[in-house]
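What follows is the residue order along each chain.
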Amino acid sequence: GFTKYIIVVPSIAIKEGVYKALQITEEHLKGLYDNVRYDYFVYDSQEPGQVRNFATSDSVQIMVINIDAFRRSFDNPEAESKANRFHRFLDRLMGVPREYVQATNPIVIIDEPQSVDTTKKSREAIRSLNPLCTLRYSATHVDQYNMMYRLDSIDAYERKLVKQIEVASIQVQDA
């Protein structure tokens, strides 16, 4: 019954990587979940219709968004020169994108939390999404709490999730 997901990423490169992963796994996920209809998109502040569709669609919706797109001035959207468009009233949307998202109580997935939710302002911005729950996904957590699953490099190799494990070492010769 969960239909609204937001994946928060730290950078444009990771945002593009997550979007590519969604494209690559689309057929696999449809096969796993009986062809359930779902849409995914990268948040674009110039396309407020995406947010309306995210909030009003009855299908599974996945939004990929960079933390910088909604971290600034979420508590004072009237500061036009400082606030992200995500927090401002937009005529084309007839509302505030953040409020559309809040109404859905999305499941928020933080990719690379050691780079995303490291500051008080970032954590407050994530809370401003009004998430049902927040999942933190990383191989290198700085703060480990409420761990649900752990996959180390050997487990990943044994499950054939990575091609190889290489150990770099230094050897001294003729010393």
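All figures in this text were calculated on a predicted structure; none of them were measured in a lab.

## So, the nonpolar core
Judged by nonpolar contacts, the single largest core of 18 residues is most densely connected at Ile 6, Val 8, Met 63, Ile 65, Phe 70 and Val 101. Looking at this core, the elements with two or more residues in it are strand E1 (4-9), helix H2 (48-56), strand E3 (60-66), strand E4 (107-111) and helix H5 (120-127). In contact with Val 8, not counting residues within four places along its chain, are Ile 65, Ile 67, Phe 70, Val 108, Ile 109, Ile 110, Asp 111 and Val 116.

## Notes on the environment of Arg 85
You can see Arg 85 is positioned in the loop between E3 and helix H3 (97-102). Residues contacting Arg 85, with those up to four places away along its chain left out, are Tyr 43, Ser 45, Gln 46, Leu 90 and Pro 97.

## A word on the packing of aromatic side chains
Counted according to the given criterion, the structure contains five aromatic pairs. When the centroid spacing of 6.3 Å and the interplanar angle of 75° are considered together, the rings of Phe 41 and Phe 54 count as edge-to-face. Of this pair, Phe 41 sits in strand E2 (residues 38-42) while Phe 54 is found in helix H2, placing the two residues 13 residues apart along the sequence. The two residues Phe 41 and Phe 54 agree in class, both being buried. By way of ring pairs, the aromatic residues Tyr 19, Tyr 38 and Tyr 40 are connected into one cluster.

## What about the sheet that holds E1?
Read across the sheet, five strands follow the order E2-E3-E1-E4-E5 without closing on themselves; strand pairing throughout is parallel. Lying at the two open borders of the sheet, with one neighbouring strand each, are E2 and strand E5 (133-137). Put simply, the sheet's adjacent strands are angled 20° from each other on average, direction ignored. Pairing between E4 and E5: five bridges, direction parallel. Residue pairing in the sheet places Ile 107 in a bridge with Cys 133 of E5. Along the sheet face, H2 touches E1, E2 and E3 and points at about 140° away from the line of E3.

## Considerations on a nonpolar patch on the surface
On the surface, Leu 135, Met 148, Tyr 149, Leu 151 and Leu 161 cluster together into a nonpolar patch covering about 550 Å² of accessible area. Relative to the helices and strands, Leu 161 is located in the segment after helix H6 (153-158). We classify Leu 161 as exposed; its relative accessible area is 57%.

## Observations concerning the confidence of the model for the protein chain
Looking at the protein chain as a whole, the pLDDT averages 86, with 90% of positions reaching at least 70. Taking the mean pLDDT of every element in the protein chain, the minimum, 79, falls on H6 and the maximum, 96, on E1.

## A few points about the pattern of salt bridges
When the charged atoms of two side chains lie near each other, side chains of opposite charge can form a pair. A full pass over the atoms with the stated rule returns five salt bridges. Among the salt bridges present, the one from Arg 37 reaches Asp 39, with a minimum N-O distance of 3.6 Å. Looking at Asp 39, the relative accessible area reads 28%, which means it is partly exposed. A salt bridge links Arg 136 to Asp 117; the shortest N-O distance between them is 3.2 Å.

## Focus: the pairing of E3
Burial analysis of E3 places seven of its seven residues in the buried class, the great majority of the element. The alternating pattern of E3 places Val 60, Ile 62, Val 64 and Asn 66 and Gln 61, Met 63 and Ile 65 on opposite faces, both of which are buried. With six bridges joining them, E1 and E3 adopt parallel strand pairing. The residue bridging Val 8 from the neighbouring strand is Ile 65, located in E3. Judged from the five bridges that link them, E2 and E3 form a sheet pairing that is parallel. By the bridge assignment, Asp 39 is partnered in E3 with Gln 61. Handedness of the β-α-β unit built from E2, H2 and E3 comes out right-handed.

Cut-offs used in this document
- Residues numbered from 1 in each chain as written.
- Predicted model: local features only at pLDDT ≥ 70, side-chain atom pairs only at ≥ 80, totals over all residues.
- Heavy atoms only, no water.
- Core = buried A, V, L, I, M, F, W, Y, C linked by side-chain atoms within 4.5 Å.
- Buried < 20%, exposed > 50% of the residue type's maximum accessible area, 1.4 Å probe, protein only.
- Helix = DSSP H or I, 4+ residues; strand = E, 2+ residues; numbered from the N terminus.
- Contact = heavy atoms within 4.5 Å.
- Phe/Tyr/Trp six-rings, centres within 6.5 Å; stacked < 30°, edge-to-face > 60°.
- Pairing = 2+ DSSP bridges.
- Axes fitted to C-alpha atoms, helices over the stretch in contact; angles between N-to-C directions.
- Patch = residues over 30% accessible without salt bridge, like charges linked within 9 Å, V, L, I, M, F, W, Y side chains within 5 Å.
- Areas by Shrake-Rupley, 256 points an atom, 1.4 Å probe, with all protein chains shown as cover.
- Salt bridge = Lys/Arg side-chain N within 4 Å of Asp/Glu carboxyl O.
- pLDDT = per-residue confidence, 0-100.
- Right-handed = clockwise from strand over helix to strand, strands pointing away.

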